[in-house]
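Residue strings, one per chain:
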Amino acid sequence: QVQLVESGGGLVQAGGSLRLSCAASGRTLSSYNIGWFRQAPGKEREFVAAVPWSNGRTYYADSVKGRFTISRDNAKSTVYLQMISLKPEDTAVYYCAAHRGSYFAYHEGGTYDYWGQGTQVTVSS
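The rules behind each value
Residues numbered from 1 in each chain as written. Predicted model: local features only at pLDDT ≥ 70, side-chain atom pairs only at ≥ 80, totals over all residues. Heavy atoms only, no water. Disulfide = S-S within 2.5 Å. Helix = DSSP H or I, 4+ residues; strand = E, 2+ residues; numbered from the N terminus. Polar contact = N/O pair within 3.5 Å; in protein donor to acceptor, adjacent residues only side chain to side chain. Contact = heavy atoms within 4.5 Å. Phe/Tyr/Trp six-rings, centres within 6.5 Å; stacked < 30°, edge-to-face > 60°. Buried < 20%, exposed > 50% of the residue type's maximum accessible area, 1.4 Å probe, protein only.

K.L.:
How should the state of the cysteines be read in this particular structure?
P.N.:
Put plainly, two cysteines are in a disulfide when a covalent bond ties their sulfur atoms together. Inspection of every chain in the model, using the stated rule, returns one disulfide. Paired by a disulfide, Cys22 and Cys96 hold their sulfur atoms 2.0 Å apart. Since a negative S-S torsion denotes a left-handed disulfide, the Cys22-Cys96 link at about 65 degrees is right-handed. One end of the pair, Cys22, is in strand β3 (residues 18-25); the other, Cys96, is in strand β9 (residues 92-99), and 74 residues separate them in sequence.

Put into structure tokens, the structure is as follows:
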């Protein structure tokens, strides 16, 4: 069992930056693929970014490419989402999720086995 806890959300003006953290307890995250998703009010949950456990690649939604960076510190069992040049449309609850297995459909929420409780990000115009 893996417990995930997100932190780092808050209120920021457009153009500002935030860094979200996803910390794991129960087990180390080093062998888990990790994704970030977000859900805005009245909208469906959408994929934001993902980092597999082993191949060094990262994946991003088109809407955040060039502005968001996902990274992981396996020693700390923590995954980060650095967000810059934030826009009002980035406003959402952000969730991290963990998946263990060889087939990693990183953009599909149903792929993931564990989810955090979410952290609110609000970007004012």
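K.L.:
I would appreciate a short explanation of the side chain of Arg38 in the present structure.
P.N.:
One can find Arg38 in strand β4 (residues 33-39). At a separation of 2.9 Å, a polar atom in the side chain of Arg38 contacts the side chain of Asp90. Among the polar contacts made by the side chain of Arg38, one reaches the side chain of Tyr94 at a distance of 2.9 Å. Excluding residues within four positions of it along the chain, Arg38 makes contact with Glu44, Arg45, Glu46, Val48, Ser63, Val64, Phe68, Glu89, Asp90, Ala92, Val93 and Tyr94.

K.L.:
What exactly am I supposed to notice about the packing of aromatic side chains here?
P.N.:
Note on aromatic pairs: each is described by the distance of the centres and the angle between the planes. Tallying each qualifying case throughout the model produces nine aromatic pairs. Ring centres of Phe37 and Tyr112 lie 5.2 Å apart, and the angle between their planes is 85 degrees; on these two criteria the pair is classed as edge-to-face. Note that Phe37 is positioned in strand β4 and Tyr112 in the loop between β9 and β10 (114-115), a separation of 75 residues in sequence. Per residue, the accessibility class of Phe37 equals that of Tyr112, and both read buried. Considering the side-chain rings of Tyr59 and Tyr106, the 4.1 Å spacing of their centres and the 15 degrees angle between planes classify their relative orientation as stacked. Linking Tyr59 in strand β6 (residues 59-60) with Tyr106 in the loop between β9 and β10, this pair joins segments that are 47 residues apart in sequence. Owing to a relative accessible area of 26%, Tyr106 belongs among the partly exposed residues under this scheme.

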